[in-house]
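# A structural walkthrough
Each chain is listed here by its residues.
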Amino acid sequence: MARIVGIDLGTTNSLVAVMHDDRPKILPDPHSGSPLLPSAVSLLPDGTFLVGESARRRAALHPHASILSVKRFMGVGLEHVDEQDRREHAFDQAAGALRVVLQDGSGGTQTLSPPEVSSLILRELKRRAETALGEEVTRAVITVPAYFNDSQRQATRDAGRLAGLDVLRLVNEPTAAALAYGLDKQEEALVAVFDLGGGTFDVSILQLREGLSEVLSTGGDTRLGGDDFDRRLTALLQEQLGGDQWSAEDLAILRDAAERAKRELSAVEVATVELPLSGGTRILQVTRDAFDAASADLVERTLARCRQALKDAGRQARDVDHVILVGGATRIPAVRRAVEGFFGKAPYADIDPDAVVALGAAVQAGILSG
Ligand code: AMP
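Now for a description of the structure that goes with this document. (Residues numbered from 1 in each chain as written. Predicted model: local features only at pLDDT ≥ 70, side-chain atom pairs only at ≥ 80, totals over all residues. Heavy atoms only, no water.)

As a further point, take the overall build of the chain. Helices and strands together make up the secondary structure of the chain, namely 10 helices and 18 strands. Taken against the 2.2 N^0.38 rule, which gives 21 Å for 370 residues, the C-alpha radius of gyration of the chain at 21 Å falls within 12% of a compact globule. Seen through its principal axes, the chain has C-alpha atoms that stretch 60 × 55 × 40 Å. Counting across all 370 residues of the chain, residues that qualify as buried make up 49%. Excluding contacts between residues fewer than 6 apart, the proportion of contacts in the chain whose partners are at least 24 apart in sequence is 62%. A total of about 17100 Å² of accessible surface is found on the chain, and carbon and sulfur atoms cover 47% of it. Between the centroid of the 41 positive side chains of the chain and the centroid of its 53 negative side chains there is a distance of 1 Å. (Helix = DSSP H or I, 4+ residues; strand = E, 2+ residues; numbered from the N terminus. Rg over C-alpha atoms; globule rule 2.2 N^0.38 Å. Buried < 20%, exposed > 50% of the residue type's maximum accessible area, 1.4 Å probe, protein only. Contact = heavy atoms within 4.5 Å. Areas by Shrake-Rupley, 256 points an atom, 1.4 Å probe, with all protein chains shown as cover. Lys, Arg positive; Asp, Glu negative; His and termini not counted. Charge placed at Lys NZ, Arg CZ, Asp CG, Glu CD.)

Pasting the structure below:
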């Protein structure tokens, strides 16, 4: 029987996974080997679309031709579009449904609904899976945030259909994370899923019982993620350099270096940052302690959301049996420490936090295929 794939259709990155010898495995890009597909789409002057890493890179130079993070617009109306969104994109709501207008850079435009944009990402993942498996892929399990309402879920199903995929099931992302860790096999457990991605933070409290998962509460912040930690590091670098006038190019160099330094500081105590600035190359050092101090309030904000989610679920931190880390930014040591301190137990972090949701989707696909 043809295989069913599991897909994490993420805000920043998307992944596809499949069961292989009774274990879920990510299907990476056959060319670059990268497991992640940036959730980016960019319109070219010839009317075709770039999807993934090339689209993400083109977006830096041609923002109006490109769209990142389309997930935020799935199944919602114009009232969910904020100031920052309007600065980045033109929107159209003529036919009642929200659509994004992309300008190809040479006078042409195309107007796409969010499900249409997402379908381009899904199509790319479908192609990736077909190349890896050597067979046609037509059926998928796709994950969605636990807080998605009916119209957001329907928009995700529509995206699948447009991509030529029969969406057998939508699975909540925190539930998928629990599946990846095999927690569904336990008779009963209270699970907290702490998901800190590049731009968003979600926390969910799940009750697992006899293989079923009930979402007791969700919380989070749609404008809090790894990017905010990058900004704090960028400010630290600027402080060391002195001065307050930065060209766009120099700022881009600083931000890039800050993101890399942030990753490095997850492994070492001191990161060395090389900055090829317009006025000459500078080499700085940043310590993990300085980074932790500069980002402590961000970590505290995630804990405040956890406190609220527990309250909404009518539970306390000590009632939680298992804590799962999801999202690349949970690699930050201070975040891990804070989560462990808050819940009073070591979180599950063995599975790559970027891949855990897609792996769980593949486990669900495996269950559906029997
Ligand atoms: P996601 O949206 O889950 O892919 O998360 C991406 C975020 O994780 C970005 O802000 C990355 O900079 C961040 N990230 C990835 N790897 C690391 C790392 N080793 N240490 C700290 N942050 C990381």
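With that settled, the discussion passes to the sheet that holds strand E15 (residues 212–221). Overall, mixed pairing links the 4 strands, which are arranged E15-E14-E13-E18 in an open sheet. Edge positions in the open sheet fall to E15 and strand E18 (322–326), since each of these has one partner strand only. The mean angle between the axes of side-by-side strands here comes to 20 degrees, regardless of whether they run parallel or antiparallel. Where strand E14 (residues 201–209) and E15 come together, 9 bridges link them in antiparallel fashion. Directly across from Val203, in E15, lies its bridge partner Gly219. Set on the sheet, helix H5 (residues 173–180) makes contact with strand E13 (188–196), E14, E15 and E18; between it and E14 the angle comes to about 60 degrees. (Pairing = 2+ DSSP bridges. Axes fitted to C-alpha atoms, helices over the stretch in contact; angles between N-to-C directions.)

When two helices pack together, their arrangement is captured by the angle between the axes and the distance separating the axes. Contact geometry of helix H6 (residues 226–241) with helix H8 (residues 288–313) gives a least axis separation of 9 Å together with a crossing angle of 140 degrees. Here H6 lies oblique to H8, going by the angle between them. Pair H6 / H8 crosses with right-handed handedness. Counting all contacts with H6, which are made through Asp228, Phe229, Arg232, Leu233 and Leu236, the residues of H8 involved are Ala290, Phe291, Ala294, Ser295, Asp297, Leu298 and Val299. Looking at the contact of H6 with H8 residue by residue, the class counts come to 8 nonpolar, 1 polar and 3 charged. (Parallel < 35°, antiparallel > 145°, perpendicular 65-115°, else oblique. Left-handed = near helix turned anticlockwise from the far one by under 90°. Nonpolar A, V, L, I, M, F, W, Y, C, P; charged D, E, K, R; others polar.)

Overall, antiparallel pairing links the 3 strands, which are arranged E6-E5-E7 in an open sheet. Bordering the open sheet on either side are strand E6 (49–51) and strand E7 (66–68), each of which pairs with just one other strand. Geometrically, the sheet is characterised by an average inter-axis angle of 15 degrees between neighbouring strands, direction not taken into account. In this sheet, E7 lies alongside strand E5 (residues 40–43) in antiparallel orientation, the contact comprising 3 bridges. Within E7, the residue paired with Val41 across the bridge is Ile67.

Around the ligand sit 15 residues in total, of which Glu259, Lys262, Ser266, Gly328 and Arg331 are the nearest. At 2.9 Å from a nitrogen atom of the ligand is found a side-chain nitrogen or oxygen belonging to Arg331. Protein contact buries 86% of the 500 Å² of open area that the ligand shows by itself. For the shell around the ligand, the element with the highest residue contribution is helix H7 (residues 248–265), accounting for 3 residues. Residue composition of the shell around the ligand, by class: 2 nonpolar, 8 polar and 5 charged. (Near = heavy atom within 4 Å. Polar contact = N/O pair within 3.5 Å; in protein donor to acceptor, adjacent residues only side chain to side chain.)

Further remarks concern the packing of H6 against H7. Between H6 and H7, the least distance of the axes is 8 Å, while the angle of their chain directions is 110 degrees. Taken together, the axis directions place H6 and H7 in an arrangement best described as roughly perpendicular. You can see that H6 and H7 cross each other, and the crossing is right-handed. Only Leu251, Leu254, Arg255, Ala258, Glu259, Ala261, Lys262 and Leu265 of H7 make contact with H6, whose side of the interface consists of Gly226, Phe229, Asp230, Leu233, Thr234, Leu237, Gln238 and Leu241. Here the contact of H6 with H7 is composed, by residue class, of 9 nonpolar, 3 polar and 4 charged.

Here we take up empty space enclosed by the protein. Here the structure, examined in full by the defined rule, presents 2 cavities of 30 Å³ or more. The computed volume of the largest cavity comes to approximately 90 Å³. Lining the largest cavity are 14 residues, and of these Glu173, Pro174, Asp195, Asp202 and Ser204 lie nearest its centre. Going through the elements one at a time, H5, E13, E14 and E15 are the ones with two or more residues in the lining of the largest cavity. Counting residues per element, the lining of the largest cavity draws most heavily on E14, which supplies 3 residues. Looking at the lining of the largest cavity, its residues break down into 8 nonpolar, 3 polar and 3 charged. Size it by volume and the second largest cavity reaches roughly 70 Å³. (1 Å grid on protein atoms, 1.4 Å probe; cavity = no way out; pocket = protein on both sides within 12 Å on 5 of 7 lines; lining within 4 Å. Points joined across faces, edges and corners; volume = space filled by probe spheres on them.)

With 44 residues, the main nonpolar core has Phe194, Phe229, Leu233, Leu275, Val335 and Phe343 as its most contacted residues. If you tally residues by element for this core, the top one is H8, at 8 residues. Contact partners of Val335, with chain neighbours within four places excluded, come to Phe194, Leu196, Phe229, Val299, Ala329 and Thr330. Within the second largest apolar cluster, 39 residues are counted, among which are Ile7, Leu27, Val100 and Leu120. (Core = buried A, V, L, I, M, F, W, Y, C linked by side-chain atoms within 4.5 Å.)

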